[in-house]
Amino acid sequence: MVTMKKLIFTILFSFLLSQNEVCFEIQSNPYPNSPSLGCFTKYINVLDCFEIYAEPSIQDNKVLHAAAIAAELLDNNEDGVVDDLALFERLQQQNALMPIFLYEGSSCMDDFEDYYNGDGVSAVLFRNEIDPSQPGHWGADASVEEIVHTINHVGHVYLYPNYFDITPNSSIMSNAMDIARGGQFLTVPNSYPEESWYHYDDWTCDYECMAIEYLYWCIVSHMGILDDAQTCAGIDNEWELCTPELFENIDTTMFDLITDPQHKIPQNAPDGNYCPFTGILGDVNVDGSIDILDIIFTVNIVLGQEEFSYAADINSDNIINIFDIVSLVNIVLLP
Ligand SMILES: [Ca+2]
Ligand SMILES: [Ca+2]
Ligand SMILES: [Ca+2]
Ligand SMILES: [Ca+2]
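Residues numbered from 1 in each chain as written. Chains lettered and ligands numbered in written order. Predicted model: local features only at pLDDT ≥ 70, side-chain atom pairs only at ≥ 80, totals over all residues.

A closer look at the pairing of strand β3 (residues 50-54)
(1) Moving on: Of all five residues in β3, five are buried, a share of seventy percent or more.
(2) Moving on: Bridge count between strand β2 (residues 42-46) and β3: five bridges; the pairing is antiparallel. Considered in β3, the bridge of Lys 42 is made with Ala 54.
(3) Moving on: Taking the residues between adjacent antiparallel strands as the criterion, β2 and β3 are bridged by three residues, where Leu 47 takes a positive phi near 55 degrees.
(4) Moving on: As paired strands, β3 and strand β4 (residues 97-101) are joined by four bridges and run parallel to one another. In the strand pairing of β4, Ile 52 is matched with Met 98. (Buried ≥ 20, exposed ≤ 12 C-beta atoms within 10 Å, placed from the backbone. Helix = DSSP H or I, 4+ residues; strand = E, 2+ residues; numbered from the N terminus. Pairing = 2+ DSSP bridges.)

And the structure:
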């Protein structure tokens, strides 16, 4: 009996742990009569610049997961504000969106392909390639990949052409890719040079498509999403720099490019949880004022006697430490 109770408790507990925290609500499709979008019934507007549309039978947790991933990529410090204002405006203006279809060739996908004539789409997602329990994991959850593609293609390529243009000889990235592939290949070569580390061999992927895939590999390698033996082995025929260390040490041009703070490329891997802090920064004990009590509370968080609170993360780096205490002391002493 005791064992049974323990078992049920364990199952319940692991179930609770496995649920991601996503502070979005699924809405009904605002365009039910649109020829291209009318077949979707589930909709989330992410940070007012990136929309998720899903067919009726896509599970809610998958729709929420796609929204969380988009939000984490756009608002990587999770303060509720898109990190790059120019990117926000561009995506909003282009009505950037991610459709989620039941399967390849569903009737909804047919409608979408026949009637959509905007410039806000660069990739799609299918129900069976979304796994909220393994955000971005290779072979399990394509949400990170497809949403990164869309944000890059609709946003960065247009906004920062000197850095991210995808045509030959056009940008720092296109030059870096020619080095990564061991030469400038306008079509897929019969074999890539031995020294190359990016050697995608899909004949349907042209030079521009290669560049979009390349940028994705760089971003997620740096985030550490690919850093496990199974993934490294699985993608080796396409991309060799599967750990952050390999990427930093070998593709130095792209490392410098995507870590340059001016481009505001997301650095932290999405974890599927997105609930930005909406209280008052510094009011850690939530009593409406910022004073000595909040400093004491923050010290207790640092000592592990209280739980993490976004209100105490004064410098918004997702860690609560001495820097937050110093900043809070300054706020209290010099209001
Ligand atoms: Ca932000
Ligand atoms: Ca998160
Ligand atoms: Ca307070
Ligand atoms: Ca902090």
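Now that the structure has been shown, the text picks up again.
Brief notes about the environment of Thr 278
(1) Moving on: Topologically, Thr 278 is positioned in the loop between α11 (252-259) and α12 (292-302).
(2) Moving on: On a C-alpha basis, the gap between Thr 278 and Gly 38 in space is 33 Å, while along the polypeptide they are 240 residues apart.

Quick notes on helix α8 (residues 207-223)
(1) Moving on: In a regular helix each residue adds 1.5 Å, so 17 residues correspond to 24 Å; α8 covers 25 Å between its end C-alpha atoms and thus fits that length.
(2) Moving on: α8 sits mainly inside the fold: 13 of its 17 residues count as buried.
(3) Moving on: Just past α8, the residue Gly 224 takes up positive phi, approximately 90 degrees. (Expected span 1.5 Å × (residues − 1).)

Side note on the nonpolar core
(1) Moving on: Counting residues in each nonpolar core, the largest one holds 72 residues, and the members touching the most others are Ile 52, Ala 66, Ala 67, Ala 70 and Ile 100.
(2) Moving on: Three or more residues apiece are contributed to this core by two domains, here domain 1 (22-133) and domain 2 (155-263).
(3) Moving on: Those residues in contact with Ile 52, other than ones at most four positions away along the chain, are Tyr 43, Ile 44, Val 46, Val 63, Ala 66, Ala 67, Ala 70, Met 98 and Ile 100.
(4) Moving on: With nine residues, the next largest nonpolar core counts Phe 297, Ile 301, Ala 312 and Leu 328 among its residues. (Core = buried A, V, L, I, M, F, W, Y, C linked by C-beta atoms within 7 Å. Domains from an automatic or database assignment. Contact = placed C-beta atoms within 7 Å.)

As for unusual backbone geometry
(1) Moving on: Phi is positive for Asn 95, which is not a glycine, with a value near 50 degrees.
(2) Moving on: Checked against the element boundaries, Asn 95 lands in the loop between α3 (85-93) and β4.
(3) Moving on: A positive phi is found at Val 286, a non-glycine position, where the angle reads about 50 degrees.
(4) Moving on: Within the secondary structure, Val 286 sits in the loop between α11 and α12.

Side note on the sheet that holds strand β1 (residues 27-28)
(1) Moving on: The strand order across the open sheet built from five strands is β1-β2-β3-β4-β5, with neighbouring strands paired in mixed fashion. Each having just a single partner strand, β1 and β5 (125-126) make up the two edges of the open sheet.

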